[in-house]
Amino acid sequence: MKTRIAGTGHFLPKNVVTNDDLSKIMDTSDEWISSRTGIRERRLATEETTASMSAEAAKLALADAGVSAQDIDLIIVATVSADHMTPSTACEVQAAIGADHAVAFDVNAACSGFLFALQIADMYIKQGVYKNALIIGAETLSKIMDWNDRSTCVLFGDGAGAAVVCPAQDDNQGLASITLGSDGAKGMVLAGINRSNNNPYVKTDIGPHYIHMDGQEVYKFAVTTVPASIEKVLDEAGLTSEDIKYFVLHQANIRILQSVSKRLKVSMDKFPISLDHCGNMSAASVPVLLDEVNRKGMLEKGDKIVLAGFGGGLTWGACVVEW
Ligand code: UT7
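None of the values given here were measured: they were computed from a predicted structure.

1. Details of the pairing of strand β4 (residues 74–78)
Then step 1. Of all five residues making up β4, five are buried, and the element is well covered by its neighbours.
Then step 2. Neither face of β4 is exposed, since L74, I76 and A78 on one face and I75 and V77 on the opposite face are all buried.
Then step 3. Looking at chain direction, β4 and strand β5 (residues 103–107) are connected through five bridges and run parallel. Across the sheet, the residue bridging to I75 is A104, located in β5.
Then step 4. In this region the chain leaves β4, passes through helix α4 (residues 89–97) and returns to the parallel neighbour β5; the handedness of that crossover is right-handed.

Here it is in structure tokens:
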């Protein structure tokens, strides 16, 4: 028995911030940002929170799947920017949508988080422990950006994407293969810093919790690891890249996507893009883009797509899904 994606949804904050808007508050330009990344604008939260965006995306995914909140057994939110250390964002979503029977928890695997959540849900569903799961990738990265670091803060945006996953009706549908990976030894090339020990026995001058990134190292990691992980899941599913309708990848940088398309010898037409209007939303990138593709009617039953994420940890994940 396989796990299928039965419905998707996404929610973005209403505040649109263009590259030109950023150039008014820091030393940057539309030319620098768009030529190096493909990003033209992003949404930055004002009153929206990680939990509120997650709940809105979840409601849309439930409606798309035709499943009620009461039918949800499991909620997993992938995020590195939860509003609280506890309760988890998933517990907040449970309360907001009235999923009274669900077990709820968060996972932290940065930009690969949606893939990690998908595999956890798949395991529970295949074992028969839970039937209907809500998996969400959500971030309010703007609150953990260093707004004095122009090399990082211009890249990221806020948003949330969700999917309802449940048992497939037949074996020609659902998750065909999935791989995850981690390389903690390289963790500090993309890190949310500043949670040092601080108690009566050790005093730390705790500063804000900022994201710090060595962009070139992350770039090198992405352009080698992503094609390798995609080739692995294609191989495991007995497919080639020609069988795949769309490659729904984490939206970090257009140059990374172009490099992956070149290495896989696949046209860029098969790589849907949301980074131009969303920026990099870490765990939210993959499910937001998946929902955009779904809502545009670009997917039909039987289509095969690849989802892939990569980022902080370092972590990565890829899967093949038959729609
Ligand atoms: O989810 C995974 C997320 N990670 C990524 O997407 C990172 C992948 N890496 C990248 O996409 C690229 O490394 C970046 C787009 C982040 C940076 O591009 P780069 O070509 O590696 O730029 P750089 O960091 O080497 O900086 C080049 C120049 C520097 O000036 P100097 O020293 O050459 O005079 C920077 O100070 O660009 C300058 N710079 C900027 N200028 C205008 C850095 N940020 C900006 C900016 N606006 N926002």
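2. Regarding the site of the ligand
Then step 1. Near the ligand lie 19 residues; those nearest to it are T28, Q216, H250, N253 and N280.
Then step 2. Separating a nitrogen atom of the ligand from a side-chain N or O atom of T28 is a distance of 2.7 Å.
Then step 3. One of the side-chain N or O atoms of R36 is found 3.3 Å from an oxygen atom in the ligand.
Then step 4. When isolated, the ligand has an accessible area of 960 Å², and the protein chains bury 70% of it.
Then step 5. Of all elements in the fold, only α2 (30–37), α6 (150–153) and α7 (215–236) reach the threshold of two or more residues within the shell around the ligand.
Then step 6. Per-element tally for the shell around the ligand: the top contributor is α7, with four residues.
Then step 7. Grouping the constituent residues of the shell around the ligand by class yields eight nonpolar, eight polar and three charged.
Then step 8. Here the shell around the ligand gathers at least three residues from each of two domains, domain 1 (3–167) and domain 2 (174–322).

3. What to know about the packing of aromatic side chains
Then step 1. Summed over the entire model, instances satisfying the criterion amount to three aromatic pairs.
Then step 2. With a centroid separation of 5.1 Å and 10 degrees between ring planes, the pair formed by F247 and F271 is classed as stacked. In this pair, F247 sits in strand β11 (residues 246–249) while F271 sits in the loop between α8 (254–264) and α9 (275–278), placing the two residues 24 residues apart along the sequence. The pair formed by F247 and F271 is uniform in burial state, with each residue classed as buried.

4. Some thoughts on the pairing of strand β12 (residues 304–311)
Then step 1. In terms of residue burial, β12 counts as a mostly covered element, since seven of its eight residues are buried.
Then step 2. Here four bridges tie β11 to β12, and the two strands are oriented parallel to one another. Across the sheet, the residue bridging to Y246 is I305, located in β12.
Then step 3. Of the pairings in the sheet, the one linking β12 to strand β13 (residues 315–322) comprises eight bridges and is antiparallel in character. Across the sheet, A308 pairs through a bridge with A318, a residue of β13.

Procedures and definitions
- Residues numbered from 1 in each chain as written.
- Predicted model: local features only at pLDDT ≥ 70, side-chain atom pairs only at ≥ 80, totals over all residues.
- Heavy atoms only, no water.
- Buried < 20%, exposed > 50% of the residue type's maximum accessible area, 1.4 Å probe, protein only.
- Helix = DSSP H or I, 4+ residues; strand = E, 2+ residues; numbered from the N terminus.
- Pairing = 2+ DSSP bridges.
- Right-handed = clockwise from strand over helix to strand, strands pointing away.
- Near = heavy atom within 4 Å.
- Polar contact = N/O pair within 3.5 Å; in protein donor to acceptor, adjacent residues only side chain to side chain.
- Areas by Shrake-Rupley, 256 points an atom, 1.4 Å probe, with all protein chains shown as cover.
- Nonpolar A, V, L, I, M, F, W, Y, C, P; charged D, E, K, R; others polar.
- Domains from an automatic or database assignment.
- Phe/Tyr/Trp six-rings, centres within 6.5 Å; stacked < 30°, edge-to-face > 60°.

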